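# Examination of the molecular architecture
Spelled out from the first residue to the last, the chains are:
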Amino acid sequence: MRVGLFLTCLNDTLFPAAGKAVVQVLERLGHEVVFPRAQTCCGQAHFNTGYRRECGPLARKFVRDFAGLDHVVSPSASCVAMVRENYRDLVGESPPVYEFTEFLVDVLGVTDVGAAFPHRVAYHPTCHGLRLLDLGDRPTTLLRAVRGLRLIDLPDAKHCCGFGGTFALKNADTSVAMGTDKARAVLGTGAEVLAAVDNSCLMHIGGLLTRWRSGTRVLHVAEILAGT
Amino acid sequence: MSTWLGMPPFPEAAREALGDSQLRANLRAATGTIRAKRAAVVAERDDWEQLREAGRAIKDRALHDLDTYLVQLEHRVTEAGGVVHWARDADEANGIVAGLVRAAGASEVVKVKSMATQEIGLNEALAAAGITALETDLAELIVQLGHDRPSHILVPAIHRNRAQIRDLFRREMPGVDPELTDDPVALAAAARAHLRRAFLSARVAVSGANFAVAETGALVVVESEGNGRMCLTLPEVLISVVGIEKVIPTAADLAVMLQLLPRSATGERMNPYTSVWRGTTPGDGPREFHLVLLDNGRTTALADDIGREALRCIRCSACLNVCPVYERVGGHAYGSVYPGPIGAILTPQLRGPDPVADSLPYASTLCGACLDVCPVKIDIPRALVHLRGKVTHPPRERAIMRAAAWVLGSSSRFAAVRRVTALGTRLACWLPGPWRRWTQARDLPAPAEESFREWWDGRA
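Residues numbered from 1 in each chain as written. Chains lettered and ligands numbered in written order. Predicted model: local features only at pLDDT ≥ 70, side-chain atom pairs only at ≥ 80, totals over all residues. Heavy atoms only, no water.

## Focus on the overall build of chain B
The cut-off we apply is this: Put simply, DSSP marks the helices as runs of H or I at least four residues long and the strands as runs of E at least two long, and each gets a number from the N terminus on. Throughout, radius of gyration means the C-alpha value; the globule benchmark is 2.2 Å times the number of residues raised to the power 0.38. Residue burial is assigned from relative accessible area. The probe radius is 1.4 Å, only protein chains are included, and a residue is buried under 20% of its type maximum, exposed over 50%, and partly exposed in between.
If you tally the helices and strands in chain B, you get 23 helices and 10 strands. Compactness check: chain B gives a C-alpha radius of gyration of 25 Å against a globular reference of 23 Å for 460 residues, within 12% of the reference. Here the C-alpha coordinates of chain B stretch approximately 90 × 55 × 45 Å along the principal axes. Residues classed as buried in chain B amount to 56% of the 460 residues present.

## A word on the side chain of Lys246 of chain B
All names here are of chain B. Note the cut-off: Counted as positive: Lys and Arg. Counted as negative: Asp and Glu. His and the chain ends are not counted at all. Any Lys or Arg side-chain nitrogen found within 4 Å of a carboxyl oxygen on Asp or Glu counts as a salt bridge. What qualifies as a polar contact is a pair of N or O atoms within 3.5 Å, subject to a donor-acceptor requirement within protein and to the restriction that residues adjacent in sequence count only when both atoms come from side chains. Every residue pair with non-hydrogen atoms within 4.5 Å of one another is taken to be in contact.
Take Lys246: it is sitting in the loop between strand E7 (237-243) and strand E8 (247-248). Glu245 provides the closest opposite charge to the buried, salt-bridge-free Lys246, at an N-O distance of 4.2 Å. A polar contact is formed between the side chain of Lys246 and the backbone oxygen of Cys313, at a distance of 3.5 Å. With residues near it in sequence (within four places) discarded, Lys246 still touches Lys59, Ala209, Asn210, Phe211, Ala212, Cys313, Ile314 and Arg315.

## Focus on the nonpolar core
Applicable threshold: The criterion is simple. A nonpolar core is a set of buried Ala, Val, Leu, Ile, Met, Phe, Trp, Tyr and Cys residues joined through side-chain atoms within 4.5 Å.
Membership of the largest hydrophobic core comes to 130 residues, with the highest contact counts inside it found for Ile224 and Leu225 of chain A together with Ile342 of chain B. Tallying contributions element by element places helix H5 (residues 77-91) of chain A first for this core, with 8 residues. With sequence-adjacent residues up to four places away left out, Ile342 of chain B is seen in contact with Ile153, Ala310, Cys313, Cys319, Leu320, Ile378 and Ile380 of chain B. Judged by nonpolar contacts, the second largest core, of 48 residues, contains Leu73, Ala202, Ala205 and Leu311 of chain B.

## Some thoughts on the packing of aromatic side chains
Using the following cut-off: For Phe, Tyr and Trp, rings pair up if their centres lie within 6.5 Å, where Trp contributes its six-membered ring, and each pair is then called stacked (planes under 30 degrees apart), edge-to-face (over 60) or tilted (otherwise). Note on criteria: charge over ring means Lys NZ or Arg CZ within 6 Å of the ring centre, with the direction from the centre no more than 35 degrees off the ring normal.
As enumerated under the stated definition, the model contains 13 aromatic pairs over all chains in all. Centre to centre, the rings of Phe62 of chain A and Tyr87 of chain A are 5.5 Å apart; their planes meet at 85°, and the pair counts as edge-to-face. Remark: Tyr87 of chain A occurs in helix H5 and Phe62 of chain A occurs in helix H4 (residues 52-65); sequence separation between them is 25 residues. Of the two residues examined, Phe62 of chain A and Tyr87 of chain A, each falls in the buried class. Between Trp277 of chain B and Phe289 of chain B the ring centres are 5.9 Å apart and the planes differ by 85°, which places this aromatic pair in the edge-to-face class. In this pair, Trp277 of chain B is assigned in strand E9 (residues 273-278) and Phe289 of chain B in strand E10 (residues 288-294), connecting sequence segments 12 residues apart. Taken individually, Trp277 of chain B and Phe289 of chain B each receive the classification buried, so the pair is uniform in this respect. Among the aromatic residues, those joined into a cluster by ring pairs are Phe6, Phe62, Phe66 and Tyr87 of chain A. One Lys or Arg, Arg413 of chain B, reaches over the ring of Trp406 of chain B and ends 4.2 Å from the middle of that ring. For Arg442 of chain B, the ring lying beneath its charged end belongs to Trp438 of chain B, and the centroid distance is 4.3 Å.

## Remarks on the interface of chain A and chain B
Filter applied, for reference: Buried area is understood as the total, over both parts, of accessible area removed when two parts are fitted together, assessed with a 1.4 Å probe. Amino acids are sorted into nonpolar (Ala, Val, Leu, Ile, Met, Phe, Trp, Tyr, Cys and Pro), charged (Asp, Glu, Lys and Arg) and polar (every other residue, Gly among them).
Tallying the contact residues gives 60 residues for chain A and 57 residues for chain B. Contact with chain B buries surface across chain A, with Tyr51, Leu169 and Arg211 of chain A losing the most and accounting together for 12% of the total. Across the chain A-chain B interface, the total number found is 14 salt bridges. Viewed at the interface, chain B and chain A are joined by 32 residue pairs in polar contact (both at pLDDT 80 or more). No other element matches helix H10 (residues 172-189) of chain A, which puts 8 residues into the side of chain A that touches chain B. Counted by class, the side of chain A that touches chain B contains 28 nonpolar, 19 polar and 13 charged residues.

## Here we look at the sheet that holds strand E3 (residues 132-135) of chain B
Residue and element names in this part refer to chain B. Applicable threshold: When DSSP finds at least two bridges between two strands, those strands are taken to pair. Fitted lines through C-alpha atoms serve as axes, helices being fitted only where they are in contact, and the angles separating the N-to-C directions of these axes extend from 0 to 180 degrees.
Taken in spatial order, the 6 strands line up as E1-E10-E7-E4-E2-E3 in an open sheet, and their pairing is parallel. The two strands at the open ends of the sheet, each matched to only one other strand, are strand E1 (83-87) and E3. Each strand axis lies, on average, 25° off the axis of its neighbour in the sheet, ignoring direction. Where E7 and E10 come together, 7 bridges link them in parallel fashion. Bridge assignment links Val242 to a residue of E10, and that residue is Leu293.

## Side note on the sheet that holds E9 of chain B
Residues and elements named next belong to chain B. With respect to topology, 4 strands assemble into an open sheet ordered E8-E5-E6-E9, the strand pairing being mixed. Only two strands of the sheet have a single partner each, and these edge strands are E8 and E9. Across 2 bridges, the pairing between strand E5 (residues 211-213) and E8 is parallel. If you follow Val213 over to E8, its bridge partner there is Ile248.

## Topic: the UniProt feature "domain: Cysteine-rich" (unreviewed entry) in chain A
Residue and element names in this part refer to chain A. Put simply, the test is: UniProt positions are given in the numbering used here, feature names are shortened, and annotations may be inferred rather than shown by experiment.
When the UniProt feature table is mapped to this numbering, "domain: Cysteine-rich" (unreviewed entry) covers residues 3-83 and 121-205. Secondary structure content for residues 3-83 is 57% helix and 11% strand, and the end C-alpha separation is 17 Å. As annotated, residues 121-205 has a helix share of 49% and a strand share of 12%, and its two end C-alpha atoms lie 15 Å apart.

## Here we look at the pattern of salt bridges
Residue and element names in this part refer to chain B. For the structure on display, the rule yields 47 salt bridges over all chains. Residue Glu79 pairs with Arg76 through a salt bridge whose shortest N-O separation is 3.3 Å. One end of the pair is Glu79 and the other is Arg76, both in helix H4 (residues 66-79) and 3 residues apart, which spans about a single turn. One salt-bridge network, in which partners are shared between bridges, spans Glu53, Arg56, Asp60, Glu309, Arg312, Lys377 and Arg382.

## A word on the packing of H10 of chain A against helix H1 (residues 10-18) of chain B
Here is the rule: An angle counts as roughly parallel when it lies under 35 degrees, as roughly antiparallel when it exceeds 145, as roughly perpendicular when it falls between 65 and 115, and as oblique in every other case.
Packing of H10 of chain A against H1 of chain B leaves a shortest axis separation of 8 Å and a crossing angle of 40°. The angle between the axes of H10 of chain A and H1 of chain B places the two elements in the oblique class. Facing H10 of chain A, whose interface residues are Asp173, Thr174 and Ala177 of chain A, H1 of chain B presents Ala14, Arg15 and Leu18 of chain B.

## Details of the environment of Val25 of chain A
In this fold, Val25 of chain A is placed in helix H2 (residues 16-28). Residues within four places of Val25 of chain A in sequence aside, it is in contact with Phe100, Leu104, Val113, Ala222, Leu225 and Ala226 of chain A.

## Thoughts on the domain arrangement of chain A
Put simply, an interface is often sized by how much accessible area is lost when its parts join up. Residue and element names in this part refer to chain A. Note the cut-off: Annotation comment: domain bounds sourced from an automatic or database domain assignment.
Here chain A is described as being made up of domain 1 (2-107) and domain 2 (120-226). Inter-centroid distance (C-alpha atoms) of domain 1 to domain 2 is 21 Å. In this complex, domain 1 contributes 29 residues to the contact, which on the side of domain 2 involves 22 residues. When domain 1 packs against domain 2, close to 2000 Å² is buried across both sides, 67% of that on carbon and sulfur atoms. Broken down residue by residue, the surface that domain 1 buries against domain 2 is led by Thr49, Ala77 and Thr101, which jointly contribute 21%. Here domain 1 is connected to domain 2 by 1 salt bridge. In this structure, the salt-bridge partner of Arg138 is Asp106, at a minimum N-O distance of 2.8 Å. Taken together, the links from domain 1 to domain 2 amount to 10 residue pairs in polar contact (both at pLDDT 80 or more). Only helix H1 (9-14), H2, helix H3 (44-49), H5 and helix H6 (100-107) provide two or more residues apiece to the side of domain 1 that touches domain 2. Its residues assigned to classes, the side of domain 1 that touches domain 2 comprises 15 nonpolar, 8 polar and 6 charged.

Spelled out as structure tokens, the structure:
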């Protein structure tokens, strides 16, 4: 299958490993990945902060950049949710975007990607993946099939980590208070790695974990699935 | 809508609240308990989603033909011996109530817990007219005795624990046992003794209503303590101040709403007291009944095709109890009688723009937990985003967002910015401005050795 990669502006700037991992897993499964080089950003930060007018050109550009692709896959649940939930209203069409784990399980019918990762991992279901995309147990089903991986329950997993896009800056104190509770819950599990399907939330939780010198890492689920 | 004077915008008010560890412990315990109770009783109903959909449809039908239903309600209430008053705003409503109390020759009223009267600042307006208002709901009484503000729609004293309430009663309640303990039974008995005298002597009662049935002219008050029943039946004059969005078309609609509300609010299958009355009944209950229908910004909200969803609200507070922001900062930080997620979309619409109201739509991470539990399916996250688009953005933020949109509008401009970002993340902890708000408590990720595009090109 020919699959378009929507990297997202955040991963393009700060987390290239998530994009590489998506390419590696899909190619390992025998699919062709194309990367439209003109792509930039879905406009989520503008839309959610109340800059709908500034978001319009970005949404139209997205539709142009990914035209002709039947499947566009992204390692970001919240960016996929942005396109799926709001593009029809914004630009009159909704490109066929899929969150990475959703694409693996629902479109490719794969629950074991042949990965190995011998570590204790806790999974944080990020809000937009959980409530807007209804990812359910797709990410954890994929993680459970990874050789050597021990999946550890995260208490209050469904509670928001406090990132919230520009909320993290506009309401920094509240954001950090929420993130602190989440990071403490992660440390309490004894996990070596916290995994999620959104690097934005992981940047927030991970930013606290490294500031505390905790030794617990954050990783995108795709990076774990790419491990052999 | 009354403004809490002197309140700072949400981020500053929240910062102060976050420093109160007792408040956070009280809120965590209380919201956690209510969340668990709600989840248990909702899980009992396998038709819960159909009930929610029915609730949404009933409120939408009422709002769509609100003009018709309100006039129908007025006719039915009048036929049943009541008097209907129309109030455009808080001042008009307060004036009507004060006039009615004066006409009854009373200088004291007993009150049933009511959000509408909190919203219009009725107690303060009555005090200015020389009339004393006594809150008879236990939690509202705690707030009133403490010269405090409510911090939750359903549990206004949620920010207080038992020990704090015991101290407050000992200090403020006339004639209370100085040895009063913090045993809930003892606290309730003290409040009961304090209130009983007022119930028996009051000539005027003021209430709100949870529902007003257009078809029959019936008003409905849902409560737990029985103080409402006392106020609605003992005094000679009853005045009910009711927001115009409380109207529902038919009595059959009540069957749906009365299943949704207690489960969502207190986590009970049915609340202890539900009072339903129509106008006046000779020889039974109040001799005079006045219904004050309140607009106070509701018709403005109704004109907004997304914002109007907030008018479906039945004030259950389920959204407050699941909100991770509310749980951390409590209700006072919202600067309004309507805190939490629903307050963040209701207050700006009822009050109009000001620095506090403009900050409220941003008091959310858009996590969506509120939409999951709303019994009338208000899409609060969507309304928050919509209202964010209507506030006046700070000039510097607007400039940054426009510049970002310009950069992201072209892949070559974006590439140039990506190249300097690697350096930027190293410097960010020394930079002033908005990035400082990130780096005060959080690290930024270390920049990658190789960008995705370099890697991608290198594979060819």
